[in-house]
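# Structural overview for review
Letter by letter, the chains look like this.
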Amino acid sequence: MSKPHPVQVIAVSGGKGGVGKSNVSVNLGIALAEKGRRVVLLDADLGLANIDVLLGITSNRNLQDVLSGECDLKDVMVQGPGGIRIVPASSGTQRMTQLSPMEHAGLINAFSEIGDQIDVLIVDTAAGISEAVVSFLRASQELLLVVCDEPTSITDAYALIKLMNRDYGTNRFRILANQVRSEQEGRHLFEKLTRVTERFLDVALQYVGSVPYDEAVKKAVQRQKAVLEAYPRAKASLALKALAEKVDNWPLPSSPRGHLEFFVERLVEV
């Protein structure tokens, strides 16, 4: 039996909605694909999916069809910009927000079929700290939290970090400051979050950089394009490419954490 192909599983979250999480997920995926990585993006907002809308992609099938056994995962995946592949979730389906652990297993176990064709799996989680969000965060090897300079963003990110640390022993979080006016503002934002976590929690936060506020992002969203695709030289695009450079150098976890079976097992642990 061949050794499982190592796959880097990165969950992109943030607690609060509206911090630009999905935009970061999409463009990070494209930037990594530009570096030769085979990227699959999982829209893990299992009720209010938006990756397909964000990119103007139409899909006849989604994760609900995989869950019901109507098709395989490869039938659901659609080609996205820059060579990434996207697994769309279903939008507005309450059923998808109430999956049992066994249903989660069936859903994610489908990834083992295509594990040898993936280098990076990016999991774009829903906002908040629901059981579904926590399940995906616990199962992922890397947690990338997106924060912006709003009090609610800091408090919600802290709540998420506290929950993952106290209840599940997660102690490493990578922090990305988004929509900032300057690199200095991004650092300041990170320091605000660090001051609170250092006082009350035993966690290590790592600052991975910032993405500047950029009208090009808004224009790209209006055109239903990724900013890297529509405006590759924009400030935000260059910052996201710099982020991908760092992510590309993150070490792969040692076995068994380096393959999708581990992701599946962690996802369904009770």
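Residues numbered from 1 in each chain as written. Predicted model: local features only at pLDDT ≥ 70, side-chain atom pairs only at ≥ 80, totals over all residues. Heavy atoms only, no water.

The protein chain is annotated in an unreviewed UniProt entry as Cobyrinic acid a,c-diamide synthase from Marinobacter fuscus.

With that settled, the discussion passes to the pairing of strand S5 (residues 120-125). With respect to burial, S5 is a largely interior element, 6 of its 6 residues being buried. Burial of the side chains of S5 extends over both faces: Val120, Ile122 and Asp124 are buried on one face and Leu121, Val123 and Thr125 on the other. With 6 bridges joining them, strand S2 (residues 39-44) and S5 adopt parallel strand pairing. By the bridge assignment for S5, Leu41 is matched with Ile122. (Buried < 20%, exposed > 50% of the residue type's maximum accessible area, 1.4 Å probe, protein only. Helix = DSSP H or I, 4+ residues; strand = E, 2+ residues; numbered from the N terminus. Pairing = 2+ DSSP bridges.)

Within strand S6 (residues 142-147), 6 of the 6 residues are buried, which leaves it mostly tucked inside the rest of the structure. Of the two faces of S6, both are covered, the one formed by Glu142, Leu144 and Val146 as well as the one formed by Leu143, Leu145 and Val147. Where strand S1 (residues 8-13) and S6 come together, 4 bridges link them in parallel fashion. The residue of S6 that forms the bridge with Ala11 is Leu143. Here 4 bridges tie S6 to strand S7 (residues 172-180), and the two strands are oriented parallel to one another. Paired with Leu145 across the strands is Ile175, a residue of S7.

For the structure on display, the rule yields 10 salt bridges. Across the pair Arg37 and Asp248 runs a salt bridge whose closest N-O atoms are separated by 2.5 Å. Placement of the pair is Arg37 in the loop between helix H1 (21-34) and S2 and Asp248 in helix H11 (residues 235-248), with a sequence separation of 211 residues. Exposure remark for Arg37: the relative accessible area of 17% places this residue in the buried category. The class for Asp248 is partly exposed, based on a relative accessible area of 25%. Where salt bridges share partners, they join Glu142, Arg172 and Arg174 into one cluster. (Salt bridge = Lys/Arg side-chain N within 4 Å of Asp/Glu carboxyl O.)

What follows is about the environment of Lys16. Positionally, Lys16 belongs in the loop between S1 and H1. Residues Lys16 and Ala126, 110 residues apart in the sequence, show an inter-C-alpha distance of 9.1 Å. The residues contacting Lys16, other than those within four sequence positions of it, are Ala127, Glu150, Thr152, Ser153 and Asp156. (Contact = heavy atoms within 4.5 Å.)

Turning to the packing of aromatic side chains, a few remarks are in order. The description of an aromatic ring pair rests on the distance of the ring centres and on the angle between the ring planes. Scanning the model with the defined rule gives 1 aromatic pair in all. Over the ring of Trp250 we find Arg174; its NZ or CZ atom is 4.0 Å from the centre of that ring. Of note, Arg181 hangs over the ring of Tyr213, and the distance from its end group to the ring centre comes to 4.6 Å. (Phe/Tyr/Trp six-rings, centres within 6.5 Å; stacked < 30°, edge-to-face > 60°. Lys NZ or Arg CZ within 6 Å of the ring centre and 35° of its normal.)

On to the side chain of Arg174. Structurally, Arg174 is set in strand S7. A polar contact of 2.9 Å, which involves the side chain of Arg174, links it to the side chain of Glu142. Apart from residues lying up to four places away in sequence, Arg174 is in contact with Glu142, Leu143, Leu144, Leu145, Gln206, Val208 and Trp250. (Polar contact = N/O pair within 3.5 Å; in protein donor to acceptor, adjacent residues only side chain to side chain.)

Between the side-chain oxygen of the N-cap and the backbone nitrogen of Ala216 there are 2.9 Å, and the N-cap of helix H9 (residues 215-222) in question is Asp214. Two residues or fewer after H9 comes Gln224, characterised by a positive phi angle close to 55°.

Relative orientation of the contacting elements helix H7 (residues 151-168) and helix H8 (residues 183-200) amounts to 40°, with a least axis distance of 11 Å. Regarding the angle of H7 to H8, the classification is oblique. In this structure, H7 crosses over H8, and the sense of that crossing is right-handed. The segment H7 lies against H8, with Ile154, Ala157, Tyr158, Ile161 and Arg166 engaging Leu189, Leu193, Val196, Thr197 and Phe200. Here the contact of H7 with H8 is built from residues that sort into 8 nonpolar, 1 polar and 1 charged. (Axes fitted to C-alpha atoms, helices over the stretch in contact; angles between N-to-C directions. Parallel < 35°, antiparallel > 145°, perpendicular 65-115°, else oblique. Left-handed = near helix turned anticlockwise from the far one by under 90°. Nonpolar A, V, L, I, M, F, W, Y, C, P; charged D, E, K, R; others polar.)

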